[in-house]
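# Coordinate inspection notes
In case you want the letters, here they are:
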Amino acid sequence: MAKTKQNLASNIKQRKKSKVVITSGKAYIHATFNNTLVYITDLEGNTLAWATAGGMGFKGSRKATPYAAQEAARKAAQTAMDLYGMRTVDIFIKGPGTGREAAARALSSSFEKVTSICDITGIPHNGCRAEKERRV
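Residues numbered from 1 in each chain as written. Predicted model: local features only at pLDDT ≥ 70, side-chain atom pairs only at ≥ 80, totals over all residues. Heavy atoms only, no water.

### Some remarks on helix H2 (residues 66–84)
So the rule is basically this: Segments assigned H or I by DSSP are reported as helices when at least four residues long, segments assigned E as strands when at least two residues long, and all are numbered from the N terminus. To estimate the expected span of a helix, subtract one from its residue number and multiply by 1.5 Å. Buried, partly exposed and exposed residues are distinguished by accessible area as a fraction of the type maximum, computed with a 1.4 Å probe on protein chains only: under 20%, between the cut-offs, and over 50%, respectively. Two residues form a contact once any of their heavy atoms are found within 4.5 Å.
Relative to the 27 Å expected for 19 residues at 1.5 Å per residue, H2 spans 27 Å between its end C-alpha atoms, a close match to the ideal helical length. What H2 keeps buried is the set Ala68, Ala69, Glu71, Ala72, Ala73, Ala76, Ala77 and Ala80. At its buried positions, H2 is contacted by strand S2 (36–41), strand S3 (47–52) and helix H3 (100–110). Looking one or two residues past H2, Gly85 carries a phi angle of roughly 70 degrees, positive in sign.

Below you can see the structure in the form of structure tokens.
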């Protein structure tokens, strides 16, 4: 019985995976006060590569540093270039964190061409009520 399973497995043809080439895409940097997340997508918004400062091995308050954001951006860019051959990118930055500029600089040095850099940080238009003033 074991031989028949083995024969069936050897008879199935293995198809070669063709490498998908996506030359341009979008990079989203989400910089919070505690961490920095970098996502690289195609033009439709499908995620191709991502990295975080916490996933790079930085823990605690070191996740919020510009160096951690730079390393996360560099890793995400390298993954996108190796797997998909990405060359040009649009950068979208969101959030008030300290890793904003460092991550954008790392992406711009990694890719051949940066088409645009856009800040998409949300601005409230008198939405939620503000916290009451703290009394000490």
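### What about the environment of Thr88?
You can see Thr88 is positioned in strand S4 (residues 88–94). We classify Thr88 as partly exposed; its relative accessible area is 23%. With 23 residues separating them in the primary sequence, Thr88 and Phe111 have C-alpha atoms 6.2 Å apart.

### Focus: the sheet that holds S3
For clarity, the threshold we go by: Any two strands are treated as partners once DSSP identifies two or more bridges connecting them. Every angle, taken between N-to-C directions, lies between 0 and 180 degrees, and every axis is a line fitted to C-alpha atoms, over only the stretch in contact when it is a helix.
Pairing is mixed in the open sheet, where five strands are placed in the order S3-S2-S1-S4-S5. Each of the sheet's edge strands pairs with one partner strand only, and the pair in question is S3 and strand S5 (113–119). In this sheet, adjacent strand axes meet at a mean angle of 15 degrees when their direction is disregarded. The sheet contacts of H2 involve S2 and S3, and relative to S3 the element is tilted by about 155 degrees.

### What to know about the environment of Arg74
Note on placement: Arg74 falls in helix H2. Taking relative accessible area as the criterion, Arg74 reaches 34% and is therefore assigned partly exposed. In the structure, Arg74 is positioned 50 residues away from Pro124 in sequence and 31 Å away in space, judged by C-alpha atoms. Discounting residues that sit within four places of it in the chain, Arg74 has contacts with Ala106 and Ser110.

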